[in-house]
Amino acid sequence: NGRRCCRWSTTMSSTQLVRLDERTNAVRELFKNNTERMLKLAPRTGVDGNRLLSIAFTSIAYDPKLCECTPQSILGGVFEALKLGLTIGGPAQEAFLIPFKNGKTGKLEATFIVGYQGLRNIIDRGKGVLDMHPRAVYEGDEFEVIYGTPRDRIVHRPHWMVGKAKGNLVAVYVIANLRGGGQQIEVMPKAEVDEHRARSRAKDSGPDGSPSSCARTLPVPRGMRPMGRSRPRSAVAAMRKLPSPPA
């Protein structure tokens, strides 16, 4: 019985590999037939379009669920990534394609989502921000927000610094130091994080299983709004595609 079980498992694995290989070939043809169009979308400076395509293909072709997505949705996601100059998957984890089932057609569609590193990349290219620090606040932390003159400020002492146990997530915030001087501070309480999640298609799937990791990205777009012209145009689209925190 043990031997039959092993042979059965091997046969199933081979079948799955054959199916995956067929889908991979379909994705390869999709990329091959649209390479020229894709490369034209990549930014002309500071980005290697061929590298972005290579990483995107590897991330998509060997993901069984993404291979089942409609070709149009896969192309749309890759187009978005190239326009923003971001990698899909890969070591940098700048952006992701997440498969969702279309309730009307019953088909899987790939949805493009910008990750935190991708947003940082876009903002860094705008050269308006020196550095940016998103953080999470938990029960047990000492946390104070002071709005007013000469400038807004945050005092945050984590639970481990004050000898308290770590509790549930309370809030997330971001502090951005601007190249022209000054800071931009944005705080988002847990209730707003939950509200954002409830509106998001990605509430039950996403690139990161850590609630605080995803939640820390949420105040970033709102905090960047007052920067006006220092923010690159490409950031506008990216800020609308941030992942929401999973449960």
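Residues numbered from 1 in each chain as written. Predicted model: local features only at pLDDT ≥ 70, side-chain atom pairs only at ≥ 80, totals over all residues. Heavy atoms only, no water.

## A look at the environment of Cys 67
- Secondary-structure assignment places Cys 67 in helix H3 (residues 64–67).
- Overall, Cys 67 belongs to the buried group, its relative accessible area being 11%.
- Residues Cys 67 and Glu 22 lie 45 residues apart in sequence; the distance between their C-alpha atoms is 9.4 Å. (Helix = DSSP H or I, 4+ residues; strand = E, 2+ residues; numbered from the N terminus. Buried < 20%, exposed > 50% of the residue type's maximum accessible area, 1.4 Å probe, protein only.)

## A short note on the packing of helix H2 (residues 49–61) against helix H4 (residues 71–84)
- Between H2 and H4, whose axes approach to 11 Å, the crossing angle comes to 145 degrees. Read as a crossing pair, H2 and H4 show a hand that is right-handed. In this structure, H2 uses Gly 49, Leu 52, Leu 53 and Ile 60 to contact H4, whose residues at the interface are Ile 74, Val 78 and Leu 82.
- Looking at side-chain class alone, the contact of H2 with H4 contains six nonpolar, one polar and no charged residues. (Axes fitted to C-alpha atoms, helices over the stretch in contact; angles between N-to-C directions. Left-handed = near helix turned anticlockwise from the far one by under 90°. Contact = heavy atoms within 4.5 Å. Nonpolar A, V, L, I, M, F, W, Y, C, P; charged D, E, K, R; others polar.)

## Details of the nonpolar core
- In this structure, Phe 31, Met 38, Ile 60 and Val 78 are the most contacted members of the largest nonpolar core, which totals 38 residues.
- Examining the composition of this core, we find that seven residues originate from one element, H4, more than from any other.
- Ignoring any residue separated from it by four or fewer positions in sequence, one finds Val 78 in contact with Phe 31, Met 38, Leu 53, Ile 60 and Ile 88.
- One finds Val 137, Ile 154, Ala 171 and Tyr 173 within the second-largest nonpolar core, a separate group that totals seven residues. (Core = buried A, V, L, I, M, F, W, Y, C linked by side-chain atoms within 4.5 Å.)

## Here we look at the side chain of Arg 120
- Summarising the element assignment, Arg 120 is placed in helix H5 (residues 116–126).
- Buried and without a salt bridge, Arg 120 has Asp 124 as its closest oppositely charged side chain, separated by 4.2 Å. (Lys, Arg positive; Asp, Glu negative; His and termini not counted. Salt bridge = Lys/Arg side-chain N within 4 Å of Asp/Glu carboxyl O.)

## Focus: H2
- Relative to the 18 Å expected for 13 residues at 1.5 Å per residue, H2 spans 18 Å between its end C-alpha atoms, a close match to the ideal helical length.
- All buried positions along H2 are accounted for by Gly 49, Leu 52, Leu 53, Ile 55, Ala 56, Phe 57, Ile 60 and Ala 61.
- The backbone nitrogen of Asn 50 lies 3.1 Å from a side-chain oxygen of the residue at the head of H2, namely Asp 48. (Expected span 1.5 Å × (residues − 1). Polar contact = N/O pair within 3.5 Å; in protein donor to acceptor, adjacent residues only side chain to side chain.)

## Regarding the sheet that holds strand S6 (residues 169–178)
- As summarised here, the arrangement of the three strands in space is S3-S6-S7, forming an open sheet in which the pairing is antiparallel. The open sheet is flanked by strand S3 (129–138) and strand S7 (183–189), the only strands paired with a single partner. Neighbour to neighbour, the strand axes of the sheet diverge by 10 degrees on average, direction disregarded.
- Sheet topology note: the S3/S6 ladder contains nine bridges and is antiparallel. Across the sheet, Ala 136 pairs through a bridge with Val 172, a residue of S6.
- The sheet contacts of helix H6 (residues 190–199) involve S6 and S7, and relative to S7 the element is tilted by about 75 degrees. (Pairing = 2+ DSSP bridges.)

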